[in-house]
Amino acid sequence: MVAALLHGDKMFNFILRRIAVAIPTLIILLIASFWLMQTAPGGPFTSERPLPAQVLANIEAKYGLDQPIYKQLWDYVVGIVTQFDFGPSYKYKDRSVNDIIAQGFPVTLTYGVISFVLAIIVGGILGMAAAIRQNSWLDYFAVGVTIGAQVLPNFVMAPILILIFTLWLGWLPGGGWNGGQWENIIMPVIALSTSYMASIARLTRSSMLEVLRSNFIRTARAKGLPDRTIIFRHALKPALLPVISYLGPAFVGMVTGSFIIDAIFGTGGIGYFYVNSAFNRDYAVMMGLTILLGSMTILFNMVVDILYAWIDPKIRL
Amino acid sequence: MTYSIKAALLGSALALASPALAAGTHPVTGEKLADEQTFTYRVLDEHTSVDPQIVEDVSGSEIVRDLFEGLYNQDKDGNLVPGVAESHTTNDDKTVYTFTLRKDAKWSDGKSVTAGDFVYAWQRLADPATASEYQWYMEVMNIKNAGAVMSGDAPVTDLGVKAIDDHTLEVTLESSLPYFALTTTHTSTFPTPKWAIDAHGADWIKPANIVVNGAYKLTEHVANERLVRERNDMYWDNGNTIIDKVVSLVINDENVALTRYMAGELDRTEIPAGQYPSLSQSNPDEATAFPRLCSYYYTINVSDNAPEFLKDVRVRQALSYAINRDIIVDKVLQGGQTPAYTFTPGATANFAVPSVDYSGWTQAERNEKAAALMSEAGYDKSNPLDITLIYNTSEAHKKVAIAVSQMWKQALGVKVTLENQEWKTFLNTRGEQNYEIARAGWCGDYNEASTFLDLVQSGSGYNDAKYANDMVDGLLKDAKTMDNPQPNYTKVEEIIAADMPIIPIYHYAGSFMIKPDLIGSWPVKNVEQNWYSKDLYKVAE
């Protein structure tokens, strides 16, 4: 009881510490991206048809872009802190950054989380099976498939999927989101999860193989424990450690949106908005999404650290 | 059980009803119409807005033309046809235009469309507080006091537009503009409902709030995914509208869009670069290419801080002559484009392409002349000229740039450095004249040659070459008030061809895959490609 409380206390302190570091990190991220964006040539209203000076002045006045840079940044931060207002989009004028996030983020989150779960389940099972039956046909098959999946980038795989499932077989719609219908989710999930799946499978396989060769497993075998007990009770936990450290960035990678998935499948997620906001110099959209994705990266790295400590008591928070 | 009986009844009712629908024929052409009248097309990118005074992109304007209706529309060939205005009159010196509005035009909430709605919209466009990127269009229209209103020096009420009564709109211009009526098909001049904007502010264009006067209502919008518009029962010409529903899908990748078109998900999509020849072979009924009101050209920096060699007209002429436009059009692009020797496309209304001398020569003659000019200017293959050519990042621009650099190298020994830049960086570089030669493209805002030639005016903000010629300025200024400005335009084109501040390369073509049941109604002859869903229809196959 005392020990549990002590552990809980430690956990609380750890989280507090992480948050204390996260805030300055976010501020630095914010200032750095704001500065980088401002230094990039051209602005949100630079276009093939340069605006007459008067028109440009009117527009800049409307958005406060005529203010000094530090004031623009300050106003932006104040807007977020006091009203949770991430500002307007300069490009898509009939919606705000809040609108864009509210609409695009759930889409990204949906296909991201499904891809993540699928990658863990399929990748984990494939990796474990390959390790347990090392040098069998199953192992060769798993290694072959994962290498193939890893070298096939999703911008190649996505159009191929559309070609097969939409044009040739006519089973699935070639894109769109349609409110998140399962037919629309399948191909984005396959295209997004495959390479992660392959990485997880390969990581699980090699780490499992290493654990299976270690002394304590040999001891367990010598004691005559059944294979199932050896693997699930003794080998699995230590074998998963390297996989877990990979899962944090992988999860962030999947749920923070993919430009490729959004661009090819027309899903309407935030990945496409994020990349395009840089091209469009759509300052507020870019800043808003940077803050969102930056916070998520920090959050999930923290979650991974906590998981790590939970699995391996040798690691101190 | 009850459910299945209901369903069966409904099914048979529909089965009975459909022959009646199938029997529908087009009221004018008499063609047999398809049962399903939904038009689904691909757009490259999310539109900027559906607010007429705010929208600034092509795909947004296409939507706005369905949702709202201005004074005039265009027909299949691009001619003016009545929209909200039934007709107009003008005074002798063409400075005052009076439009008579139809009495049966209604907003989707049942209110009448009045002259006051146009006054409000035009004032809103010019108002600095609206901060529209198309504010300057009021100056293109030459509306009285537009400049003063835009700069905030005069109240919006000073703008030269007023409602004489609910159905009479009077527009006063700064000076005569014979083609004024043509400018009223532009989406930024469409009326907007003040009461809806007052009630909902910036959110007035959301499907739940929007009030429209066009043939379609906005029923669904998912950013970066889809936008749906459906027939507006209050539209005055709803009886003659055939397409019931229009769906635009955002598909960024043109090849994926083509695959989805082939799978039957789309009725129209762009043909990816270079695929027109093969698609017109494999799908001759669907692949279509037609001239557009756009020109592709290279602009030469002739500003004060330009390198000396570019100020030498012989160098500029040589560079232009040595480009084999036929090869670029027929071998590099292969999409129905036409070679350009003058800036204004031949497809422009009331414009005859002048025959500038080098357009009539063979390429061998051009190359010979180019080499002679170049050596006169002091450059040859042993003392080659070094030039940097910039273009914005794109496969198509790259292909053209590589072809041109090879032509220059072979014919003139010029050493070309190709440099691609990200779009906004490129615009900045070009706009600040930090370049030698830059790729450029221009599409007409309206179907009249001045929309192109104004670019070579010394005061034009789009004159990236910083070319200045008093004679050109004078000719273009006079052309504004002439009933037949063609002689002036011809003269200007001849001067440009001699001075060569810009090198015209080709005139664009639109190339699309359009389903055979729809293609008959597509306005391929409208060079501005201002299409209206209300005029489209699908025929029964």
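Here the structure is a predicted model, which is why all the values come from computation and not from measurement.

Conventions used here
- Residues numbered from 1 in each chain as written.
- Chains lettered and ligands numbered in written order.
- Predicted model: local features only at pLDDT ≥ 70, side-chain atom pairs only at ≥ 80, totals over all residues.
- Helix = DSSP H or I, 4+ residues; strand = E, 2+ residues; numbered from the N terminus.
- Buried ≥ 20, exposed ≤ 12 C-beta atoms within 10 Å, placed from the backbone.
- Contact = placed C-beta atoms within 7 Å.
- UniProt positions renumbered as here; feature names shortened; annotations may be inferred.
- pLDDT = per-residue confidence, 0-100.
- Core = buried A, V, L, I, M, F, W, Y, C linked by C-beta atoms within 7 Å.
- Nonpolar A, V, L, I, M, F, W, Y, C, P; charged D, E, K, R; others polar.
- Domains from an automatic or database assignment.
- Axes fitted to C-alpha atoms, helices over the stretch in contact; angles between N-to-C directions.
- Parallel < 35°, antiparallel > 145°, perpendicular 65-115°, else oblique.
- Left-handed = near helix turned anticlockwise from the far one by under 90°.
- Pairing = 2+ DSSP bridges.
- Expected span 1.5 Å × (residues − 1).
- Bend = angle between axes of the 7 residues up to and from the residue.
- Arc of directions from axis to C-beta.

A word on the overall build of chain A. For chain A, the count of helices and strands is 12 helices and zero strands. Helices (α) and strands (β) of chain A occur, in sequence order from the N terminus, as α-α-α-α-α-α-α-α-α-α-α-α. Relative to its full complement of 317 residues, chain A shows a buried share of 37%. Taking contacts inside chain A between residues at least 6 apart in sequence as the whole, the part at least 24 apart equals 72%.

Glancing now at the UniProt feature "domain: Solute-binding protein family" (unreviewed entry) in chain B. The sites that carry the UniProt feature "domain: Solute-binding protein family" (unreviewed entry) are, in the present numbering, residues 80-463 of chain B. The span residues 80-463 of chain B is 29% helical and 22% strand by assignment, and the distance between its end C-alpha atoms comes to 30 Å.

Before going further, it helps to examine unusual backbone geometry. All names here are of chain A. Residue N135 is not a glycine yet carries a positive backbone phi of 65°. One can find N135 in the loop between α4 (97-132) and α5 (137-151). Overall, N135 belongs to the exposed group, with 8 C-beta atoms counted inside 10 Å. Phi is positive for N178, close to 55°, though the residue is something other than glycine. For N178, the location among the structural elements is in the loop between α6 (154-168) and α7 (182-212).

Our focus in this paragraph is the confidence of the model for chain A. Scored by pLDDT, chain A comes out at a mean of 86, with 96% of its residues at no less than 70. Taken together, the stretch residues 1-6 of chain A has pLDDT below 50 and engages in zero contacts with residues farther than four places along the chain or on a different chain.

Nonpolar side chains in soluble globular proteins tend to be buried together. With 148 residues, the main nonpolar core has B:L67, B:L101, B:W122, B:A126, B:M138, B:I143 and B:L159 as its most contacted residues. The element best represented in this core is α7(A), accounting for 13 residues. Contact partners of B:A126, with chain neighbours within four places excluded, come to B:Q135, B:M138, B:A146, B:V149, B:M150, B:V156 and B:L159. B:I300, B:F343, B:Y489 and B:I505 belong to the second-largest nonpolar core, a separate cluster that totals 70 residues.

Glancing now at the interface of chain B and chain A. Contact with chain B, which involves 41 residues of that partner, is made by 43 residues of chain A. For the side of chain B that touches chain A, the secondary structure elements donating two or more residues are β10 (245-250), α7 (254-262) and α14 (423-431) of chain B. At six residues, the largest contribution of residues to the side of chain B that touches chain A is made by α14(B). The residue makeup of the side of chain B that touches chain A, split by class, is 19 nonpolar, 12 polar and 10 charged.

Below, the discussion takes up the domain arrangement of chain B. Residues and elements named next belong to chain B. Each assigned domain of chain B is listed with its residue range as follows: domain 1 (7-247 + 515-535) and domain 2 (291-510). If you average the C-alpha positions of domain 1 and of domain 2, the two centres end up 35 Å apart. For the side of domain 1 that touches domain 2, the per-class residue count stands at six nonpolar, six polar and one charged.

Right, let's talk about the domain arrangement of chain A for a bit. All names here are of chain A. As assigned here, chain A comprises domain 1 (1-42 + 282-317) and domain 2 (123-280). The centre of domain 1, based on its C-alpha atoms, is set 25 Å off from the matching centre of domain 2. At the interface, 15 residues of domain 1 touch 17 residues of domain 2. Each residue belonging to the side of domain 1 that touches domain 2 can be placed in one class, and the counts come to 11 nonpolar, two polar and two charged.

This next bit is on the packing of α4(A) against helix α9 (residues 227-255) of chain A. Residues and elements named next belong to chain A. At a minimum axis separation of 11 Å, α4 and α9 run at an interaxial angle of 150°. For the element pair α4 / α9, the angle class is roughly antiparallel. Like other packed secondary-structure pairs, α4 and α9 cross with a definite hand, here right-handed. Where α4 abuts α9, its residues T108, L109, G112, V113, S115, F116 and I132 lie against I231, F251, M254 and V255.

Moving on, we come to the sheet that holds strand β4 (residues 85-90) of chain B. All names here are of chain B. Pairing in this open sheet of four strands is antiparallel, and the strands run β4-β5-β7-β6 from one edge to the other. Each edge of the sheet is formed by a strand with only one pairing partner; in this case those strands are β4 and β6 (161-165). Averaged over all neighbouring strand pairs, the angle between strand axes comes to 25°, with direction disregarded. Examined bridge by bridge, β4 and strand β5 (residues 96-101) share five bridges and lie antiparallel to one another. Of the residues in β5, the one forming a bridge with H88 is F99. Each of β5, β6 and β7 (168-172) touches helix α3 (residues 115-126); the most contacted strand, β6, lies at about 170° to it.

This next bit is on the confidence of the model for chain B. Low pLDDT means the predicted atomic positions in that stretch should not be read closely. Residue and element names in this part refer to chain B. Of all residues in chain B, 96% attain a pLDDT of 70 or more, and the chain-wide mean is 91. Every residue in residues 1-23 is under pLDDT 50, and counting partners more than four places away or in other chains gives four contacts. Here the complex is predicted with pTM 0.86, and the ipTM for its interfaces comes to 0.84.

Compared with an ideal rise of 1.5 Å per residue, which puts 36 residues at 52 Å, α4(A) spans 49 Å between its outermost C-alpha atoms and is within 8% of the ideal. Considering bend angle alone, the principal kink of α4(A) is centred on A:G104 and spans about 30°; proline A:P106 follows within four residues of it.

Another point: the packing of helix α8 (residues 215-222) of chain A against α9(A). All names here are of chain A. Interaxial distance between α8 and α9 falls to 11 Å at its minimum, and their mutual angle equals 150°. For the element pair α8 / α9, the angle class is roughly antiparallel. The crossing of α8 and α9 is right-handed. Residues F216, I217, A220 and R221 of α8 form the contact with α9, whose own contacting residues are I230, H234 and A235. In terms of residue class, the contact of α8 with α9 is made up of five nonpolar, one polar and one charged.

All names here are of chain B. Taking 1.5 Å of rise per residue, the 14 residues of helix α12 (residues 363-376) would be expected to cover 20 Å, and the 20 Å separating its terminal C-alpha atoms lies within 8% of that figure. Those residues of α12 lying buried are R366, N367, A370, L373 and M374. All buried residues of α12 project into a common sector of 130° when viewed along the axis, lining one side. Among the exposed residues of α12, those pointing more than 90 degrees away from its buried face are A364, E365 and E376. Elements that come into contact with the buried residues of α12 comprise α10 (313-321) and α13 (395-412).

Now for the environment of B:N232. Residue and element names in this part refer to chain B. By secondary structure assignment, the location of N232 is in the loop between β9 (226-231) and β10. When the 23 C-beta atoms within 10 Å are taken as the criterion, N232 is described as buried. Spatially, the C-alpha atoms of N232 and G214 are 7.3 Å apart, while their sequence positions differ by 18 residues. The residues contacting N232, other than those within four sequence positions of it, are S108, V212, G214, A215, Y216, K217 and N238.

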